[in-house]
Amino acid sequence: MLLTINLHWCLTIFLLFVLPGAVSLIVSGQKGDNITLPCSLSNKEDLTTVLTFGSKTAYGFNQDEHFKARVHKSGSCDLNLQNLKTTDAGRYVSKVYAIRVFISNYTYDVHVNVNLTGLKDEELMFDDLPREAESVEHFTNTGRKEVWRRERGVLTDQLTDKNGRLTIVNFTSSDEGTYTALTSSGEDLVTMMVTESSTGSKDKLDSTHEDETHDTERVHVWLWMVIGVLVVLIVFAVIMKRQCWKKNEEHRSYKGVPM
């Protein structure tokens, strides 16, 4: 048993340091962050690195537009990938040359984490899926369910496909959970943590409060208008009464004058 364990560790160390490209290194990062794709060739100068992502060149001659100004070399052959996107998830191969002579290669599996917040009864759109994604699963406290598969499309009524982007049409608490984009072999590419916004109910309360405030203000305006009309009517009545009294007095005085 002990001999088997020792052989396992020896083989692992051999693959990592003698044949680094034989083992894939998993590199995880949050969407928008920067990640480093490391290599073990330190203290060596004049090294040329070419990084490929499927058929695309992520770093090197004829670099793909998707990676323009986002991949930079650090140290001897480390590569920094900036402003991580969900479409960056997948397998990368780095080949290192010294004076045009190939000396080593490295394989990386990049995994991207995303946090999404949904508002109740509102639309929530996911980020673009990576090219290697074959399915998406939804994990909740009650279990997991496949909600999308490349050859079949959307598999649930809770989602729709808008121009290639998965979208929750009317977000509810049942849509919360973890959504994972997987490769055909079941390896994680993108993990999306979806939660319901706590400000949604607050906004509705604020909106209700504003409506009540506006209603109260309108009532006050109408009340003052009614009071104003009543005051005008009272003043008008008093004036008319005084004028009538004055005319009556003048009429009596006229009748009392001898002919």
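Just above, that's the structure.
Let's shift gears to unusual backbone geometry. It is generally the case that most residues other than glycine have a negative phi and that most peptide bonds are trans. Phi at N62 is positive, roughly 60°, even though this residue is not glycine. Relative to the helices and strands, N62 resides in the loop between β4 (56-59) and β5 (71-74). What makes N62 exposed here is its relative accessible area of 61%. Unlike most non-glycine residues, N83 shows phi in positive territory, near 50°. One can find N83 in the loop between β6 (78-81) and β7 (90-98). Overall, N83 belongs to the partly exposed group, its relative accessible area being 38%.

For the rest of this paragraph, the subject is the pairing of β7. Within a regular beta strand, the side chains point alternately toward one face of the sheet and then the other, so they alternate between its two faces. In the sheet, strand β3 (residues 47-53) pairs with β7 via six bridges, with the strands oriented antiparallel. Its bridge partner lying in β7, T48 is registered against Y97. Here nine bridges tie β7 to strand β8 (residues 101-118), and the two strands are oriented antiparallel to one another. The residue of β8 that forms the bridge with G90 is V110. Hairpin connection, β7 to β8: the antiparallel pair is bridged by two residues, and I99 has positive phi, about 50°.

In this section: the side chain of Q158. Here Q158 lies in the loop between β12 (153-154) and β13 (159-162). For Q158, a relative accessible area of 17% gives the class buried. For Q158, the side chain forms a polar contact with the side chain of K145, separated by 3.5 Å. Reaching out from Q158, the side chain makes a polar contact with the side chain of T156 at a distance of 3.3 Å. Contacts of Q158, omitting those with residues within four sequence positions, involve H138, K145, V147, T167, I168, V169, D175 and Y179.

Definitions and limits used
Residues numbered from 1 in each chain as written. Predicted model: local features only at pLDDT ≥ 70, side-chain atom pairs only at ≥ 80, totals over all residues. Heavy atoms only, no water. Helix = DSSP H or I, 4+ residues; strand = E, 2+ residues; numbered from the N terminus. Buried < 20%, exposed > 50% of the residue type's maximum accessible area, 1.4 Å probe, protein only. Pairing = 2+ DSSP bridges. Polar contact = N/O pair within 3.5 Å; in protein donor to acceptor, adjacent residues only side chain to side chain. Contact = heavy atoms within 4.5 Å.

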